[in-house]
Amino acid sequence: MTLDAGALNVAEVETDAAGPALPPRHQRASGAIRASFRRRGAETLVHRLFQDGSAKLRLPRMGPGDTQAVLINTAGGLTGGDGFANALALDEGAALTVTTQACERIYRSNMGEAEVRTNLSLGAQARLDWLPQETILFDGGRLRRFLEADLAPSSTLLATEALVFGRQARGEKIRAGLFRDRWRIRREGKLVFADDLSFEGDMAADLLAPALLNGAGALATVLLVAPDAEDQLAAVRERLGDLFGGASAWDGKLVARMTAPDGFALRRRLLPVLEALRHGRPIPKLWQL
């Protein structure tokens, strides 16, 4: 009997020089978005766009004066070893709202961490609303996320990130994993806001600790860096109430952090805060689907 070598699947059976079979190589997702936007009359239009791998950017048709960009991860989620990078630049006077097609899912990892890096650049009088939908961290998920922005003195950045611990509708409990979120915001190169949020190891204990989540299943951070940021504090505190979070404003920035029992409850608390800071402009429709 003869063996047809062409029938062998090298991807399934791979050996080194010594002969023993090596473990299968896992596919990893990666992607990159680089885009710049310019103002033309009353409209903000995309000027340059580069997209690579599993990262896509779509620009739905909206009403006059409302430019939105939608980030899409065609890999359908992140796990250990995946890496994505976003770089967005707004020229003078440009105004843009960025959101995501859906919640980002961070799956259980059996090797390393997923990493997402975002760099934002805002020119004079520009405004960027960074409003991705929630990130859902599965049990055993591992994610490192970085957000960096450089603003002109007259520009405005509204940014939020929301995190849901586990697939709560399925009764999943987070026992272990890693989540690290680092924000660095600068005006003309000078650091004006720095925040590091980290959960690692026994996350079940962190979620129950009174000084941390106190049993909450979801968490959100909202940041406004704007010349009039301190004027918005009263409206934000009114919508937060007394039980689910707090807000402070100083030196041209406003920071709010809120918790909730689950992702649905968190969204109900988060959306009114974002609507207040957007001065009545509606939240992207993808949040409402």
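Reference entry: report on the structure contained in this document. (Residues numbered from 1 in each chain as written. Predicted model: local features only at pLDDT ≥ 70, side-chain atom pairs only at ≥ 80, totals over all residues. Heavy atoms only, no water.)

**Re the nonpolar core**
At step 1: Ranked by size, the top nonpolar core spans 47 residues in total, and within it Leu120, Leu157 and Phe165 carry the most contacts.
At step 2: Residues in contact with Leu120, not counting those within four places in the same chain, are Leu88, Leu128, Trp130, Leu147, Glu148, Ala149, Asp150 and Leu157.
At step 3: The next biggest cluster of nonpolar side chains, apart from the first, holds 29 residues, and it includes Leu131, Ala162, Ala265 and Val273. (Core = buried A, V, L, I, M, F, W, Y, C linked by side-chain atoms within 4.5 Å. Buried < 20%, exposed > 50% of the residue type's maximum accessible area, 1.4 Å probe, protein only. Contact = heavy atoms within 4.5 Å.)

**Looking at the packing of aromatic side chains**
At step 1: Going through the model one piece at a time under the given rule, you end up with three aromatic pairs.
At step 2: Judged by centre distance (5.0 Å) and plane angle (90°), the ring pair of Tyr107 and Phe138 falls under edge-to-face. Taken as a pair, Tyr107 in the loop between β7 (104-106) and β8 (114-122) and Phe138 in the loop between β10 (135-137) and β11 (142-151) lie far apart in primary sequence, 31 residues in all.
At step 3: Residue Tyr107 is classed as partly exposed on the basis of its relative accessible area, which comes to 31%. (Phe/Tyr/Trp six-rings, centres within 6.5 Å; stacked < 30°, edge-to-face > 60°. Helix = DSSP H or I, 4+ residues; strand = E, 2+ residues; numbered from the N terminus.)

**Looking at helix α2 (residues 233-240)**
At step 1: Of the positions making up α2, those classed as buried are Leu233, Val236 and Leu240. Buried residues in α2, looked at end-on, bunch into an arc of 70°, giving them a common side. Projecting away from the buried face of α2 at angles above 90 degrees are the exposed residues Ala234 and Glu238.
At step 2: Close packing links the buried residues of α2 with β16 (245-250), β17 (253-260) and α3 (263-277). (Arc of directions from axis to C-beta.)

**Section: the packing of α2 against α3**
For any two helices packed against each other, one specifies the crossing angle of their axes together with the interaxial distance.
At step 1: At their nearest, the axes of α2 and α3 sit 9 Å apart, and the two run at 165° to each other. Considering their axes alone, α2 and α3 lie roughly antiparallel with respect to each other. For the element pair α2 and α3, the recorded crossing hand is right-handed. Seen from α2, the contacting residues are Val236, Arg239 and Leu240; seen from α3, they are Pro272, Val273, Ala276 and Leu277.
At step 2: When the residues that make up the contact of α2 with α3 are grouped by side-chain class, the tally is six nonpolar, no polar and one charged. (Axes fitted to C-alpha atoms, helices over the stretch in contact; angles between N-to-C directions. Parallel < 35°, antiparallel > 145°, perpendicular 65-115°, else oblique. Left-handed = near helix turned anticlockwise from the far one by under 90°. Nonpolar A, V, L, I, M, F, W, Y, C, P; charged D, E, K, R; others polar.)

**Some points on a negative patch on the surface**
At step 1: Among the surface-exposed residues, Asp228, Glu230, Asp231 and Asp251 lie close enough to one another that they form a single negatively charged patch.
At step 2: With respect to the helices and strands, the residue Asp251 is situated in the loop between β16 and β17. (Patch = residues over 30% accessible without salt bridge, like charges linked within 9 Å, V, L, I, M, F, W, Y side chains within 5 Å. Areas by Shrake-Rupley, 256 points an atom, 1.4 Å probe, with all protein chains shown as cover. Salt bridge = Lys/Arg side-chain N within 4 Å of Asp/Glu carboxyl O. Lys, Arg positive; Asp, Glu negative; His and termini not counted. Charge placed at Lys NZ, Arg CZ, Asp CG, Glu CD.)

**Let's talk about empty space enclosed by the protein**
At step 1: Applying the stated criterion across every chain yields a total of one cavity of 30 Å³ or more.
At step 2: Approximately 60 Å³ is the volume found for the largest cavity.
At step 3: Along the walls of the largest cavity sit Arg145, Glu161, Ala162, Leu163, Phe179, Asp181, Asp195, Leu197, Leu219, Ala220, Thr221 and Arg257, which together make up its complete lining.
At step 4: Looking at the lining of the largest cavity, the elements that each hand over two or more residues are β12 (156-165), β13 (176-187), β14 (190-202) and β15 (218-225).
At step 5: Each residue belonging to the lining of the largest cavity can be placed in one class, and the counts come to six nonpolar, one polar and five charged. (1 Å grid on protein atoms, 1.4 Å probe; cavity = no way out; pocket = protein on both sides within 12 Å on 5 of 7 lines; lining within 4 Å. Points joined across faces, edges and corners; volume = space filled by probe spheres on them.)

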